[in-house]
Amino acid sequence: MAPTDSQQQQHHPFAIKDCALIAIATGRRALTLKELRDTLHGINADSLYYHFWGGLLQPRFEEREYNNDLASWVRHSLHDGILAERLAVVDPTDFRDIETLRQELLELVEERLEEDNNLAWVRGTKQFEFIRSQIVVFDTGRRVTTPEELAALMPRLSVSTIFYHFIDARRRSADNDDDFRFWLGSFGERYANTSQRLAEVDPYFAPLSEIRNRLNTIFSDLLERGA
């Protein structure tokens, strides 16, 4: 006999986690666009992850001009606005994994080098420091057994909790699912509309506080109108 909703809820509590993204020096640097390209070929995947996603967890008082560190360095150190703009629009969520993202970056850099051969030797005003990331996960001890309980808790979740469950979860999932959608799926089709709305939220081009607000709106609608 298939389990009832209440049995599924009892056996599948959602564990609220928190996290910190630790920056670790790789010792790899680039001073020219050619050096950047050469290093991109073999740099650890955790480094690319850090340079695209790490900024979301860094406290700042003003909105960043560029969402990834590569675009920022190309613009402000190499002073190449053309490549900077091309790199700036790269959304890592459009790629199935870090390796396909790496190939896109290499193609953009190679294309720019072919357009202007002099860029291979232009020295930046400062080096690009390749940093890799290591995520440290904390169990908050909080558990919810229904999506309605999660909805009530959503406004009080830290932005680093949002990062762990809504962003970092995607690299832990073969289907690129966040933890919220994966858990809602355990209830069958009952919360399919909520899951679909969560899937439409792009987590990259907005600060975590705004992402949390969007998720809160989606879950609040669940409470007001039902799944």
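Structure shown above.
Just so we're clear, the structure is a prediction, and the values are computed from it rather than from any experiment. Numbering of residues starts from 1 in each chain and follows the order in which that chain's sequence is written. Per-residue local features are limited, in this predicted model, to residues with pLDDT of at least 70; the limit for side-chain atom pairs, both in listing and counting, is 80 or more; totals at the level of whole chains, interfaces and linings are taken over all residues. Side-chain calculation: all heavy atoms of the structure are included, whereas hydrogens and water are not.

Novice: Before we go on, may I ask you to explain the overall build of the chain in this structure?
Specialist: Across its full length, the chain holds 11 helices and 2 strands. Counting from the N terminus, the helices are the DSSP runs of H or I reaching at least four residues and the strands are the DSSP runs of E reaching at least two. In sequence order, the secondary structure elements of the chain are arranged as α-β-α-α-α-α-α-β-α-α-α-α-α. C-alpha atoms of the chain, sized along the principal axes, occupy 70 × 30 × 25 Å. Each residue gets one of three labels from its accessible area relative to the maximum for its type: buried under 20%, exposed over 50%, partly exposed in between, using a 1.4 Å probe on protein chains only. A burial count over the chain gives 44% of its 227 residues as buried. Taking all contacts inside the chain whose residues are at least 6 apart in sequence as the whole, residues at least 24 apart take part in 77%. We get accessible surface area from the Shrake-Rupley algorithm with a probe of 1.4 Å; when it comes to residues, only the shown protein chains can shield them. If you sum the accessible surface of the chain, you get close to 11,800 Å²; carbon and sulfur atoms cover 47% of it. Distance between charge centroids for the chain: 5 Å, based on 27 positive and 37 negative side chains. Note on contacts: a residue pair is in contact if any heavy atoms of the two residues lie within 4.5 Å. Lys and Arg are tallied as positive, Asp and Glu as negative. Neither His nor the chain termini are counted. Charged groups are reduced to one reference atom each: NZ for lysine, CZ for arginine, CG for aspartic acid, CD for glutamic acid.

Novice: Even after reading the chapter, I still don't get the side chain of Ser195, so can you show me in this structure?
Specialist: Structurally, Ser195 is set in helix H10 (residues 192-199). Overall, Ser195 belongs to the buried group, its relative accessible area being 15%. Sequence-distant contacts of Ser195, defined by excluding residues within four places in its chain, comprise Arg181 and Leu184.

Novice: What am I meant to see in helix H4 (residues 69-76) here?
Specialist: Among the residues of H4, Leu70, Ala71, Trp73 and Val74 are the ones counted as buried. Down the axis of H4, the smallest arc covering the buried residues is 165 degrees, so these residues share one side. Where the residues of H4 are buried, they touch strand E1 (14-30), helix H2 (33-42), helix H3 (45-53), helix H5 (81-88), helix H6 (98-115) and strand E2 (128-144). Arc definition: directions from the helix axis to the C-beta atoms.

Novice: I keep staring at the environment of Arg142 and nothing clicks. Help me out?
Specialist: Of note, Arg142 is situated in strand E2. Given a relative accessible area of 32%, Arg142 falls into the partly exposed group. Sequence separation between Arg142 and Leu215 is 73 residues, and the spatial gap between their C-alpha atoms is 19 Å. The residues contacting Arg142, other than those within four sequence positions of it, are Phe14, Ala15, Ile16, Leu153, Arg156 and Leu157.

Novice: In this structure, what is going on with the packing of H10 against helix H11 (residues 208-225)? I would like to understand it.
Specialist: Geometrically, a packed helix pair is captured by the angle between its two axes and the distance between the axes. Put simply, H10 and H11 touch, their axes get as near as 10 Å, and they point 165 degrees apart. Here H10 lies roughly antiparallel to H11, going by the angle between them. Between H10 and H11 the crossing geometry is right-handed. Contacts between H10 and H11 involve Thr194, Arg197 and Leu198 from the first element and Leu215, Thr217, Ile218, Phe219, Asp221, Leu222 and Arg225 from the second. By residue class, the composition of the contact of H10 with H11 is 5 nonpolar, 2 polar and 3 charged. Note on geometry: axes are lines fitted to C-alpha atoms, helical ones only across the stretch in contact, with angles between N-to-C directions running from 0 to 180 degrees. In what follows, roughly perpendicular refers to angles from 65 to 115 degrees, roughly parallel to angles under 35, roughly antiparallel to angles over 145, and oblique to any angle outside these ranges. Left-handed describes a crossing whose near helix is turned anticlockwise from the far helix through less than a right angle; right-handed describes the clockwise counterpart. For this scheme, ten residues count as nonpolar: Ala, Val, Leu, Ile, Met, Phe, Trp, Tyr, Cys and Pro. Four count as charged, namely Asp, Glu, Lys and Arg, and the remainder, Gly too, count as polar.

Novice: Explanation requested: the packing of aromatic side chains in the structure shown.
Specialist: We describe a pair of aromatic rings using the distance from one ring centre to the other and the angle between the two ring planes. Classification of ring pairs uses Phe, Tyr and Trp, with its six-membered ring standing for Trp, and accepts pairs whose centres are within 6.5 Å; under 30 degrees between planes counts as stacked, over 60 as edge-to-face, and the remaining range as tilted. Here the structure, examined in full by the defined rule, presents 11 aromatic pairs. Relative to Phe219, the ring of Phe180 has its centre 6.1 Å away and its plane inclined at 75 degrees; by these criteria the two rings are edge-to-face. With Phe180 in helix H9 (residues 179-185) and Phe219 in helix H11, this pair connects stretches of sequence that are 39 residues apart. Classification of Phe180 by relative accessible area gives buried; the value is 0%. We classify Phe219 as buried; its relative accessible area is 0%.

Novice: Even after reading the chapter, I still don't get H2, so can you show me in this structure?
Specialist: Because the α-helix completes a turn every 3.6 residues, residues three or four places apart line up on one side. Regarding H2, the residues found buried are Leu33, Leu36, Arg37, Thr39 and Leu40. The inward-facing, buried residues of H2 abut E1, H3, H4, H5, H6 and E2.

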